[in-house]
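Commentary on secondary and tertiary structure
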Amino acid sequence: MISRKEYHSYQPGVRQRRRTTTIRVLILALLIAITYTVVVSVVLPTHNTQVAPSAPVASKSTKDLPSETPAATNPSREEIRITDAIKSKIKDAGERFVPANTEPNQESLTYAGRPKDAPNPESIPSAQVKMPKPRPVGAHKIQPEGHARFVASLQRVVAMLPDEIHVRELLRSVEGTGKEKLREMGLRSRAFKVFYEAWEDLHFVTHGNSIHIRADVVQYLRDYEDPVALAQTLRSYEAFRFFLQRLSTLLFPWTAPYFADHMTLHSHFFKGGRGMVFTAGDDQAPFLLTSIPTFRRLGCNLPIEVLYLGDSDLGEDFRAQLEMLPGVVTRDLSQMVEDEGWRLAGWAAKPFAILMSSFREVIFVDADALFFRNPEILFEDPSYAGTGALFFNDRRIMPESKKRWLQQILPKPISKQVRQSYFWTGESGHMQESGVVVVDKWKHFVALLFVTRMNGPDRDGNKDAGITGVYDMVYGDKETFWIGWELVGDPEYTFHKGGVGIMGSVQAEEETRREDDLKTKDPRRKDPRKKHGTTEQDGDEDGIKTSRPTLEALDQIGRKALEPAATPQNFTICAPQLLHLGMDGRPLWFNGWILSNKFEAKKKKDFAKFEAYMVEPKEPGEVDAWQLTESNICCLTADQTVTFDVKDQDTLEMITTIAKGVYGKQ
């Protein structure tokens, strides 16, 4: 048996080894603690360190923003606050962000991303250690310049949010009828235009020739907005969205559900280019089968859309024939417009066809309109280039003052263009001819929306119910374009500077004058005896002046009828065709088709003889210019006629030849 003393004497290295092992364990634990300290102090603050928000920066004044609405002064409405801390985060993110597919330089980094030459945090007192700034979450989504534009647009929207009183006023049901309702809808549409344009400015994002609608506004605010202001900003944004959606539905609901909202519709034709638009049913299809080939012969290569109102309007056979023509497609407009409570039909379809077509810039042409020259030249007209909307004058026929009516429907100040219109001056109760309309839909979106309203739910009246419609106040769709532009406060439109005239066979003046005096179709038309002071003027409550001959004038007329006729000094052309001249004075296009009377029986095709044309006098009252007779045939009297040149004669012959071929196949 070996004693304890002897055992230890034989094991001299055991105790030393145990002591060494203990020391090693302690050293390893110390190293682990140091490593953990480095990780916590360097890596984790990059993700978790909170930066205390600094004092809010004053928002840019709304008067510096492109808005027609004055800056809000309601102290209960907080403006958007973008802090210095958030701005520094965005700038820092823009400088430090490395794309995911880019590898960092491994030679310049050590553990935890610390550069080789950087001092070890362990050797620096904790009070002197500068922690890296945290990268803001989502800072890589939009560059700083995009953010600045977003902030300005959002400030504008929030500042424009109306208070509860104005919201209720704008969203209440519209009362009244006739001119009172027209004025009220115009005022609300003017307000809508301001709100809507600000909303689009916030949500539309353009990239070169493309555009998309921003759908991440809430998420973006959560990433970049000052947390203190975030809740109030979101409430203001969503309140504006709710308000604008309700106002849109009240004013222009018929574009849904084909388009989800008006922004979707507007963005739809941002890249739509240029094109021609027609509306037609079975009765008008032969017109298009003639006119479209003539446009191609004249060098027009624009794409064409023909819109119709269901199978009962334009049959499948005619649609197939039209789509065999180069560049032509047919589209069912009835599937795009929700006309619940009213019915889309006839002339009223024209502005809807323009709005719902796929083009951005449109030349709308009536089915019975024909051109002497390539229609594309209308896009190059200087007046169109400056305004984006080109209209054409109607005949200066049937003198009628509608000045009082215009004053009752239009807010002040009334534009110079209105004061120069035939309605205002009393030269005629007809201002616009809508056989051709040229419009940039992107530029005049809200104005065109309002024109569709005038030709939609507000169109028809009901005498039994005491309702006055738009068509009870103006003649069809043609006046709704320029008046619609004025009602929404869009002054950017112009009337073509070319002259207006007529084309057909020339007659002696005295041959038709006495006959026309007996065929007066409207008592408000210009009386040929008015210039001699032989009439008495009456005025009705709407400011419309009428004329009636005095007894002395009737006696003079009876005596003159017994006198031999003098040699006529003027000439007259009676025809349904309304001619429009170019800026050079040459024929440009005409409306009314090429028959002597397009309303006659379908089997009777009496093609008109176009011997010459005549231009309407520039100044009213020079001669007894226009007279309206039966079947919508007008007679123009002037002191000279103009013969068509060889080129125009060839064009007319080409049109007639194609038309005869089309009618021969029917």
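Residues numbered from 1 in each chain as written. Predicted model: local features only at pLDDT ≥ 70, side-chain atom pairs only at ≥ 80, totals over all residues. Heavy atoms only, no water.

Taking an unreviewed UniProt entry as the reference, the protein chain is identified by name as Alpha-1,3-mannosyltransferase belonging to Cryomyces antarcticus. As recorded by UniProt, the Sequence similarities (unreviewed entry) comment attached to the protein chain reads in full: "Belongs to the MNN1/MNT family." (UniProt positions renumbered as here; feature names shortened; annotations may be inferred.)

Let's shift gears to helix H20 (residues 480-487). Most of H20 is tucked away: eight of the eight residues are buried. What H20 keeps buried is the set Thr480, Phe481, Trp482, Ile483, Gly484, Trp485, Glu486 and Leu487. Glycine 489 occupies a position one or two residues after H20 and carries a positive phi of about 75 degrees. (Buried < 20%, exposed > 50% of the residue type's maximum accessible area, 1.4 Å probe, protein only. Helix = DSSP H or I, 4+ residues; strand = E, 2+ residues; numbered from the N terminus.)

Strand order in the open sheet formed by six strands is E7-E17-E16-E11-E18-E21, with antiparallel pairing between adjacent strands. A single partner strand is all that each edge strand has here, and the edge strands are strand E7 (370-371) and strand E21 (642-643). Looking at chain direction, E7 and strand E17 (residues 587-591) are connected through two bridges and run antiparallel. Paired with phenylalanine 371 across the two strands is tryptophan 589, which belongs to E17. (Pairing = 2+ DSSP bridges.)

Within strand E20 (residues 634-638), five of the five residues are buried, which leaves the element mostly enclosed by the surrounding structure. Where burial is concerned, the two faces of E20 agree: the one with Cys634, Leu636 and Ala638 and the one with Cys635 and Thr637 are both buried. In this sheet, E20 lies alongside strand E15 (residues 571-575) in antiparallel orientation, the contact comprising five bridges. For isoleucine 573, the partnering residue across the bridge sits in E20 and is leucine 636. Taking the residues that link successive antiparallel strands as the turn, the strand E19 (residues 626-628)-E20 hairpin has five residues, and the phi of serine 631 there is positive, at about 60 degrees.

Confidence in the prediction of the protein chain, expressed as mean pLDDT, is 79, and 70% of residues score 70 or more. Across residues 43-142 the pLDDT falls below 50, and counting only partners more than four positions away or on other chains, this stretch makes 110 contacts in the model. (pLDDT = per-residue confidence, 0-100. Contact = heavy atoms within 4.5 Å.)

Attention shifts here to the nonpolar core. Of all hydrophobic cores here, the largest spans 90 residues; its most connected members are Leu333, Trp482 and Trp485. If you tally residues by element for this core, the top one is helix H7 (residues 178-203), at nine residues. Here tryptophan 482 is in contact with Phe391, Leu406, Val418, Ser421, Phe423, Met431, Gln432, Tyr493 and Phe495, once residues within four sequence places are set aside. Ranked by size, the runner-up nonpolar core spans 53 residues in total, among them Tyr308, Val328, Val365 and Phe644. (Core = buried A, V, L, I, M, F, W, Y, C linked by side-chain atoms within 4.5 Å.)

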